[in-house]
Amino acid sequence: MPQTVMVVDDSLMVRQQVGRTLSGAGFAIVEAHDGVDALAKLASGLALIVLDVNMPNMGGLEFLQSLRARPDYSAVPVVMLTTEGQPQLMKQAKELGAKGWIVKPFKPDLLLVAVKKLTLPG
Amino acid sequence: MQTLSEQAQAFAQFQDYLVKGALDLFRGYGLPVEHSMGASAVNVQGAAVMAVIGYAAPTLRGALLLLTSREVVAELQPVEIRQGPPTEADLRGVLGEFSNMLIGRVKNRLVSHDVLPLVSTPTTIFGDDLQLPVPTSGMSAWHRFANPTGDLFVRLDATFESEFALPAAEPTKASIAEGEMVLFGD
């Protein structure tokens, strides 16, 4: 059974790009267009979340805070994928438990390395 | 208080970051472009798409506008996600994301100057014979990125408050580069 990755980004293009990259490597994809949508689509068995920072309604860091407050999802690895490269924002994300930070545009092979490393069993 | 000359210098630095960022971004997505300053009036005949994204810091605000034909936007769409002729949603999504990535590049260069603007989410306009609106205040510059399929016009607007300052860039405060990844240790 494939592992499921949620892609949270308000950009259709980015959701499609990430989805195509990861589904080609055998992952199942769930898409969400902002933090509110992502919270509504949380389901058990989620292997990883790829998360944008700047989104309408609820941004990535706010979503991350909500996610960590939910015991069932507090351990789900999160990789930030954003145009932001500010060290201060990276520090905030790390403190909220994010596992990685990629500045767009992403290199597909680099994203795959991160996702595979963070979804290894155990 | 900043003089107009100092504001003009700051705006020139913004434009330098914009042009370098745009050349790198468009060429990185397989669209060869040549840069020149925009003409006095800019419009795209026929089916066009425009994307607008705003930015603001305590003493600074402005917007970035992208305007081009639908054919050019279709060429910008990454090959791996093309599935037949692009829909209106695809084209809006592509140009909106390019405006986001381009303002992101400018913003990430400004971080090393200790200028940290917030960026809005992009808005897109779909229509025929679109024209770039005339700016109502502040400084503004149009840039033309020529491509065999059609021109891509980029306009950067900025309004500086009198307290605005652009300190010299400090490499130690620089953002991580576009395309790069950092994995956090425990």
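Here we look at the overall build of chain B
Line of reasoning, step 1. Broken down by element type, chain B carries three helices and eight strands.
Line of reasoning, step 2. Listing the helices and strands of chain B from first to last along the sequence gives α-β-β-β-α-α-β-β-β-β-β.
Line of reasoning, step 3. With the C-alpha coordinates of chain B rotated into their principal frame, the extents come out at 50 × 50 × 25 Å.
Line of reasoning, step 4. Out of the 186 residues in chain B, the part that is buried amounts to 48%.
Line of reasoning, step 5. Contacts in chain B between residues at least 24 apart in sequence constitute 74% of all its contacts with a sequence separation of at least 6.
Line of reasoning, step 6. Here chain B displays about 8,400 Å² of accessible surface, and carbon together with sulfur accounts for 55% of that area.
Line of reasoning, step 7. Side-chain charges of chain B comprise 12 positive and 21 negative groups, with the mean position of each set lying 2 Å from the other.

Quick notes on the environment of Tyr29 of chain B
Line of reasoning, step 1. Note that Tyr29 of chain B resides in the loop between helix H1 (4–28) and strand S1 (34–37).
Line of reasoning, step 2. We classify Tyr29 of chain B as buried; its relative accessible area is 18%.
Line of reasoning, step 3. Along the primary structure Tyr29 of chain B and Pro148 of chain B are separated by 119 residues, whereas in three dimensions their C-alpha atoms are 15 Å apart.
Line of reasoning, step 4. Once you skip the residues sitting within four places of it in the chain, Tyr29 of chain B turns out to touch Met13, Gln17 and Pro105 of chain A together with Glu75, Leu76, Pro78, Phe98 and Met101 of chain B.

Some points on the packing of aromatic side chains
All names here are of chain B.
Line of reasoning, step 1. All chains considered together, the criterion is met by six aromatic pairs over all chains.
Line of reasoning, step 2. Consider the rings of Phe14 and Phe160, whose centres lie 5.7 Å apart with planes at 65 degrees: the pair is edge-to-face. With Phe14 in helix H1 and Phe160 in strand S7 (residues 152–160), this residue pair connects regions lying 146 residues apart in the sequence. In this structure, Phe14 and Phe160 share a single accessibility class: buried.

Examining the interface of chain B and chain A
Line of reasoning, step 1. Taken together, the 35 residues of chain B in the interface contact 30 residues of chain A.
Line of reasoning, step 2. Here chain B packs against chain A, burying approximately 2,900 Å² in sum over the two surfaces, 60% of which is carbon and sulfur.
Line of reasoning, step 3. For the interface between chain B and chain A, the tally reads three salt bridges.
Line of reasoning, step 4. The closest approach of N and O atoms between Lys104 of chain A and Glu97 of chain B, which form a salt bridge, is 3.6 Å.

Observations regarding the pairing of strand S1 (residues 4–8) of chain A
In regular strands, side chains alternate between the two faces of the sheet.
All names here are of chain A.
Line of reasoning, step 1. Burial runs high along S1: four of the five residues are buried.
Line of reasoning, step 2. For S1 and strand S2 (residues 28–32), the ladder comprises five bridges, and the chain directions are parallel. In the sheet register, Met6 faces S2, and the bridge partner there is Val30.
Line of reasoning, step 3. In this sheet, strand S3 (residues 46–51) lies alongside S1 in parallel orientation, the contact comprising five bridges. When the bridges of S3 are listed, Met6 appears paired with Ile49.

Considering the nonpolar core
The nonpolar side chains of soluble globular proteins are, as a tendency, buried together.
Line of reasoning, step 1. Core analysis: the largest hydrophobic core is formed by 46 residues, its most contacted members being Phe26 and Phe98 of chain B.
Line of reasoning, step 2. Among the secondary structure elements, those contributing two or more residues to this core are H1, strand S2 (47–57), strand S3 (60–69), helix H2 (70–76), helix H3 (88–110), strand S6 (139–146) and S7 of chain B.
Line of reasoning, step 3. Of all the elements, H1 of chain B adds the most residues to this core, at ten residues.
Line of reasoning, step 4. Every residue in contact with Phe26 of chain B, bar those within four places of it in the chain, is listed here: Leu31, Val33, Leu76, Phe98, Phe145, Leu152 and Val154 of chain B.
Line of reasoning, step 5. Ranked by size, the runner-up nonpolar core spans 27 residues in total, among them Ala38, Leu89 and Val103 of chain A together with Phe184 of chain B.

Brief notes about the pairing of S2 of chain B
Residues and elements named next belong to chain B.
Line of reasoning, step 1. Pairing analysis gives six bridges linking S2 to strand S5 (residues 123–128), with the strands arranged antiparallel. When the bridges of S5 are listed, Ala47 appears paired with Asp128.
Line of reasoning, step 2. Here S2 pairs with S3 via ten bridges, running antiparallel. The residue bridging Ile53 from the neighbouring strand is Leu64, located in S3.
Line of reasoning, step 3. Remark: two residues form the turn of the hairpin made by S2 and S3, two consecutive strands paired antiparallel.
Line of reasoning, step 4. Direction of pairing for S2 relative to strand S4 (residues 118–119): antiparallel, over a ladder of two bridges. Its bridge partner being in S4, Ala56 is matched across the sheet by Leu118.

A closer look at the pattern of salt bridges
Residues and elements named next belong to chain A.
Line of reasoning, step 1. Under the counting rule described, the total for this entry stands at 19 salt bridges over all chains.
Line of reasoning, step 2. Note that Asp52 is salt-bridged to Lys104, the shortest N-O span being 3.6 Å. Here the residue Asp52 occupies a position in the loop between S3 and helix H3 (60–68), and Lys104 occupies one in the loop between strand S5 (100–103) and helix H5 (108–118), the gap between them amounting to 52 residues.
Line of reasoning, step 3. Exposure remark for Asp52: the relative accessible area of 3% places this residue in the buried category.

Observations concerning the packing of helix H1 (residues 12–23) of chain A against H3 of chain B
Line of reasoning, step 1. Contact geometry for H1 of chain A and H3 of chain B: axes closest at 7 Å, N-to-C directions at 95 degrees. Classified by the angle between their axes, H1 of chain A and H3 of chain B sit roughly perpendicular to one another. Residue-level contacts link Leu12, Met13, Val14 and Gln16 of chain A of H1 of chain A to Ala89, Asp90, Gly93, Val94, Glu97, Phe98 and Met101 of chain B of H3 of chain B.

Conventions we followed
- Residues numbered from 1 in each chain as written.
- Chains lettered and ligands numbered in written order.
- Predicted model: local features only at pLDDT ≥ 70, side-chain atom pairs only at ≥ 80, totals over all residues.
- Heavy atoms only, no water.
- Helix = DSSP H or I, 4+ residues; strand = E, 2+ residues; numbered from the N terminus.
- Buried < 20%, exposed > 50% of the residue type's maximum accessible area, 1.4 Å probe, protein only.
- Contact = heavy atoms within 4.5 Å.
- Areas by Shrake-Rupley, 256 points an atom, 1.4 Å probe, with all protein chains shown as cover.
- Lys, Arg positive; Asp, Glu negative; His and termini not counted.
- Charge placed at Lys NZ, Arg CZ, Asp CG, Glu CD.
- Phe/Tyr/Trp six-rings, centres within 6.5 Å; stacked < 30°, edge-to-face > 60°.
- Buried area = accessible area lost by both parts, 1.4 Å probe.
- Salt bridge = Lys/Arg side-chain N within 4 Å of Asp/Glu carboxyl O.
- Pairing = 2+ DSSP bridges.
- Core = buried A, V, L, I, M, F, W, Y, C linked by side-chain atoms within 4.5 Å.
- Axes fitted to C-alpha atoms, helices over the stretch in contact; angles between N-to-C directions.
- Parallel < 35°, antiparallel > 145°, perpendicular 65-115°, else oblique.

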